[in-house]
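For reference, the chains in residue letters:
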Amino acid sequence: MNIEVLRDVQESIMADANEIRASLDQRGIRMFNLMGGDGCGKTRMLERLLPTIAERVRCAVLEGDITTTLDAERISKANVPVIQLQTDGCCHLEPSLIRKGLDKLPLDELDVIIVENVGNLVCPAEFDIGEHHRIGMLSVTEGHDKPLKYPLLFGQADAIVISKMDLLEYTNFDLDQCTRNIRTVNKKAPIFEDSAEWHFDPSFLDWVSVKRATCA
Amino acid sequence: MHEFSVARSICNIAIEEARRHCVERVTGICVEVGVMRQVVPELLRTAFDIAAKETILQGAKLEIHDVPVTIKCHDCGQFAASATLQVQCVHCGSTNIEINGGNELMVSSIRVAEEVGHEH
Ligand SMILES: Nc1nc2c(ncn2[C@@H]2O[C@H](COP(=O)(O)OP(=O)(O)O)[C@@H](O)[C@H]2O)c(=O)[nH]1
Ligand SMILES: [Mg+2]
Ligand SMILES: [Zn+2]
């Protein structure tokens, strides 16, 4: 015989994620989940971003590299707290690992935490880690079709960064087509163009550094 | 390869439900999987078989039901349901479309051999 269940497979992960979000809310901290393919430029962007926003917000990074500490070492040069999350080969981050990272951070001294997720366009998008905002990143060398191929990641993003814009002229990446593809899966996320050779779009800096009101 | 994490969660839920109904053995589990979730059925089945080993779920059949996405065309105004991701309207070929739904990931029921008594 059949027993009706009707329970969401991710319910316990969502409960953990909600708990993390609530505890961050209480401290007025905003957490960002930075997601994109391997090599799309996540770490490079953080290396530039952290010194740039240091005057506006107090920032820390959770680094979700699979096995190495290379990215954490690169980020630590920016003089912000950075914690390496060892996923032991796992393709994505889950709330349990995020909590371990948060426990090591000076939470009372922070406004913003940026999590660099594991480089992968599929799995990380499946897991709520307790973030407030998701940033989806796509470099022009990956091709403008990727928002359609990975609709979950780009569909649920609260902002989308198109990176490595300095390489645009060397590729057949069609920026207009990419924008249309993003809009097919995501009606409202702001789209920011970026390159390691440029200054940041000021509206992107504003978007990242808006302070969160503390829940008293 | 997040299928392993998904399989583990499915097993936890199924075991919990079986216990709640005082069931000793589960023979089947029905899951609804939205097209957008990018779950690979074969991988999920393999992962499930591994996660189910030496539990009351061992040998249970995992039934995976695909939940389609709805596609709304902004040009011809028509809707379509699709079991695969589409980039174009199936009616007029327009790429000016909106994709909705298909985000389900749910254990809908479990099948058990015995008659079920009362819940605790
Ligand atoms: N030309 C160019 N190269 C970039 C840019 N951003 C990152 N890279 C390079 O791309 C490679 C991968 O970048 P990384 O930040 O490690 O990517 P991650 O895997 O997403 O963290 C590195 O060699 C970077 O120097 C960019 O804007 N332009
Ligand atoms: Mg990196
Ligand atoms: Zn149409």
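Above this text you will find the structure in question.
From a predicted model like this one, the values you see are computed outputs, not experimental measurements.

Looking at this model, I keep getting lost on the packing of helix α1 (residues 11–27) of chain A against helix α4 (residues 95–103) of chain A. Mind explaining?
Angle between the axes and distance between the axes are the two parameters that describe a pair of packed helices. Residues and elements named next belong to chain A. One can describe the packing of α1 onto α4 by two numbers: an axis separation of 9 Å at closest approach and a directional angle of 25°. In this view, α1 runs roughly parallel relative to α4, as classed from their interaxial angle. As for how α1 packs across α4, the hand of that crossing is left-handed. On the side of α1, the interface is formed by I13, D16, A17, E19, I20 and L24, while α4 contributes P95, I98, R99 and L102. Its residues assigned to classes, the contact of α1 with α4 shows seven nonpolar, no polar and three charged.

Please explain the coordination of the magnesium ion (ligand 2) as it appears in this structure.
Under ideal tetrahedral coordination, the four donors around a metal are separated by 109.5 degrees; under ideal octahedral coordination, the six donors are separated by 90 or 180 degrees. Residue and element names in this part refer to chain A. The protein atoms that coordinate the magnesium ion (ligand 2) are T43 (OG1), D71 (OD) and E116 (OE), at distances of 2.1 Å. Read N to C, the donor residues that coordinate the magnesium ion (ligand 2) are spaced as T-x27-D-x44-E. Of this pair, T43 sits in helix α2 (residues 42–53) while D71 sits in helix α3 (residues 70–76); the two residues are 28 residues apart in sequence, bridging distant segments of the chain. Looking at T43, the relative accessible area reads 5%, which means it is buried. The buried category is assigned to D71, whose relative accessible area is 12%.

Help me understand helix α7 (residues 175–185) of chain A, please; the structure alone is not making it clear to me.
Given 3.6 residues per helical turn, the α-helix brings residues three or four places apart onto the same face. Looking only at α7(A), the buried set comprises A:C178, A:N181, A:I182, A:T184 and A:V185. Each buried residue of α7(A) lies within a common arc of 155° when the element is viewed along its axis, so the set occupies one face. Those residues of α7(A) that are buried lie in contact with β6 (133–139), α5 (146–149), α6 (151–156), β7 (159–163) and β8 (191–193) of chain A together with β5 (97–100) of chain B. Between the side-chain oxygen of the N-cap and the backbone nitrogen of A:D176 there are 3.1 Å, and the N-cap of α7(A) in question is A:D174.

The rules behind the values
- Residue positions are given per chain, counting from 1 as you read along its sequence in written order.
- As a convention, the first chain written is A and the first ligand written is 1, with the rest following in written order.
- Residues qualify for local features only when their pLDDT is at least 70, as the model is predicted, and side-chain atom pairs are given and counted only at 80 or more; totals for whole chains, interfaces and linings, by contrast, use all residues.
- Based on all heavy atoms of the structure, the side-chain values leave hydrogens and waters out of the count.
- Geometry is summarised by axes, namely lines fitted to C-alpha atoms with helices restricted to the contacting stretch, and by angles between N-to-C directions that run from 0 to 180 degrees.
- Strands are runs of DSSP state E lasting at least two residues, helices are runs of H or I lasting at least four, and both sets are numbered from the N terminus onward.
- Note on angle classes: values under 35 degrees are labelled roughly parallel, values over 145 roughly antiparallel, values of 65 to 115 roughly perpendicular, and the remainder oblique.
- Left-handed describes a crossing in which the near helix is turned anticlockwise from the far one by less than a right angle; the clockwise case is right-handed.
- Residue contacts are defined here by distance: any two heavy atoms, one from each residue, within 4.5 Å place the two residues in contact.
- Note on residue categories: nonpolar means Ala, Val, Leu, Ile, Met, Phe, Trp, Tyr, Cys or Pro, charged means Asp, Glu, Lys or Arg, and polar means any other residue, Gly included.
- Only nitrogen, oxygen and sulfur atoms count as donors, using a 2.8 Å cut-off from the metal that widens to 3.2 Å for Na, K and Ca. Water is left out, so coordination shells may look unfilled.
- For every residue, the accessible area (1.4 Å probe, protein chains only) is compared with the maximum for its type, and the residue is labelled buried under 20%, exposed over 50%, or partly exposed between those bounds.
- Each direction from the helix axis to a C-beta atom contributes to the arc, which is the arc of those directions.
- Whenever two N or O atoms come within 3.5 Å, that pair is a polar contact, provided that in protein one can donate a hydrogen and the other can accept it, and provided that, for residues adjacent in sequence, both atoms are side-chain atoms.

On their own, these measurements won't tell you what the molecule is for.
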